[in-house]
Amino acid sequence: MSIARFWRETPRRYNLGGSKCATCGTVSFPPRVVCPTCTHHRQSIGKMAPFQLSGEGEVESFTVVHEAAEGFEMQVPYVLALVRTPEGPVLTGQIVDVEPGEVAIGLPVRATFRKLREEGKAGVIHYGYKFSPRTEDDPAPPRGRTAPVPREAPAPERAKA
Ligand SMILES: [Zn+2]
């Protein structure tokens, strides 16, 4: 991704700003100009309004990644999850502040903004959302203490390095 494109996308990366259809109430993220749900898409033209996601959600599915893409070498293994938000959209993001073996389907999480990667030569640092575990009475749990015990540990695809 080019730097210019990245910065164009930065506001929604920071704010989790989506869109909401005034006709049927469907929330979309990233924001859309036409509602994907309305039977007659033209109904929604001009009725899509900005909508702020809460950043909360639950892990719907996840995978443990052992081989990182270039630039992410220091982060393996890490957990990449689909997070179902109460507003509807499903977000893809990394789960942080918890051991990979402690991530489970249904784990409550909250979006947090973290460094995504740093490009060596240019020194450009990209930020975006990741997700960390949350509990009702402790919105920022210390690492490894409050995550629920998974019913069964996910089978690793290969031995940890
Ligand atoms: Zn709609």
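Residues numbered from 1 in each chain as written. Predicted model: local features only at pLDDT ≥ 70, side-chain atom pairs only at ≥ 80, totals over all residues. Heavy atoms only, no water.

Peer 1: Is there a simple way to explain the overall build of the protein in this structure?
Peer 2: Looking only at helices and strands, one finds 1 helix and 8 strands in the protein. For the protein, the α and β elements follow one another from N to C terminus as α-β-β-β-β-β-β-β-β. Across the 161 residues that make up the protein, the buried fraction comes to 35%. Across the protein, the fraction of contacts at a sequence separation of at least 24, relative to all contacts at a separation of at least 6, is 52%. For the protein, the accessible surface area stands at approximately 10000 Å², while carbon and sulfur atoms represent 53% of it. (Helix = DSSP H or I, 4+ residues; strand = E, 2+ residues; numbered from the N terminus. Buried < 20%, exposed > 50% of the residue type's maximum accessible area, 1.4 Å probe, protein only. Contact = heavy atoms within 4.5 Å. Areas by Shrake-Rupley, 256 points an atom, 1.4 Å probe, with all protein chains shown as cover.)

Peer 1: Would you take a moment to explain the pairing of strand S6 (residues 90-95) for this structure?
Peer 2: Put simply, side chains in a regular strand alternate between the two faces of the sheet. Sheet topology places strand S5 (residues 78-84) next to S6; 6 bridges connect them, and they run antiparallel. The residue bridging Val-79 from the neighbouring strand is Ile-95, located in S6. Counting the residues that bridge the hairpin from S5 to S6 gives 5 residues, and of these Gly-88 lies at a positive phi of roughly 125°. (Pairing = 2+ DSSP bridges.)

Peer 1: Whenever I open this one, the sheet that holds strand S2 (residues 27-28) confuses me. Can you help?
Peer 2: Hydrogen bonds between backbone atoms are what pair the strands of a sheet, whose relative direction is either parallel or antiparallel. Read from one edge of the open sheet, 3 strands run S2-S1-S3, paired in antiparallel fashion. Across the chains shown, the open sheet's two edge strands, defined by having one partner strand only, are S2 and strand S3 (48-52). Pairing of strand S1 (residues 17-21) with S2, which is carried by 2 bridges, proceeds in the antiparallel orientation. Its bridge partner lying in S2, Ser-19 is registered against Ser-28.

Peer 1: Please explain the coordination of the zinc ion as it appears in this structure.
Peer 2: Where a metal carries four tetrahedral donors, each ideal angle is 109.5 degrees; where it carries six octahedral donors, the ideal angles are 90 or 180 degrees. The protein atoms donating to the zinc ion are Cys-21 (SG), Cys-24 (SG), Cys-35 (SG) and Cys-38 (SG), with metal-donor distances spanning 2.3 to 2.4 Å. Taken together, the 4 donor atoms coordinating the zinc ion span angles of 104 to 115° at the metal, a pattern that classifies the geometry as tetrahedral. Between consecutive donors of the zinc ion, the numbers of intervening residues give the motif C-x2-C-x10-C-x2-C. Of this pair, Cys-24 sits in the loop between S1 and S2 while Cys-35 sits in the loop between S2 and S3, placing them 11 residues apart in sequence. Cys-24 gets classed as partly exposed once you look at its relative accessible area, which sits at 38%. Here Cys-35 falls in the buried class, since its relative accessible area comes to 1%. (Donors = N, O, S within 2.8 Å, 3.2 Å for Na, K, Ca; no water. Tetrahedral: all angles 85-135°; square planar, octahedral: opposite > 155°, others 65-115°.)

Peer 1: Can you help me understand the nonpolar core in this one?
Peer 2: Counting residues in hydrophobic clusters, the biggest one holds 18 residues, and the most contacted among them are Ile-95 and Phe-131. When contributions to this core are tallied by element, the ones reaching two or more residues are strand S4 (56-65), S5, S6, strand S7 (108-119) and strand S8 (124-133). In terms of residue count, S5 provides more of this core than any other element does, 3 residues in total. (Core = buried A, V, L, I, M, F, W, Y, C linked by side-chain atoms within 4.5 Å.)

Peer 1: Hey, could you run me through unusual backbone geometry in this one?
Peer 2: Note on backbone geometry: most residues besides glycine have negative phi, and most peptide bonds are trans. Cis rather than trans, the peptide bond between Phe-29 and Pro-30 has omega equal to -5°. In this structure, Asp-97 takes a positive phi of about 65° despite not being glycine. We classify Asp-97 as partly exposed; its relative accessible area is 28%.

Peer 1: Explanation requested: the environment of Pro-86 in the structure shown.
Peer 2: Turning to its location among the elements, Pro-86 is positioned in the loop between S5 and S6. Between the C-alpha atom of Pro-86 and that of Gly-55, which follows or precedes it by 31 residues, the distance is 9.1 Å. In contact with Pro-86, other than residues within four places in its own chain, are Ser-54, Glu-56 and Gly-57.

Peer 1: Looking at this structure, how should I read the side chain of Arg-134?
Peer 2: Mapped onto the fold, Arg-134 is located in the segment after S8. Reaching out from Arg-134, the side chain makes a polar contact with the backbone oxygen of Gly-57 at a distance of 3.2 Å. (Polar contact = N/O pair within 3.5 Å; in protein donor to acceptor, adjacent residues only side chain to side chain.)

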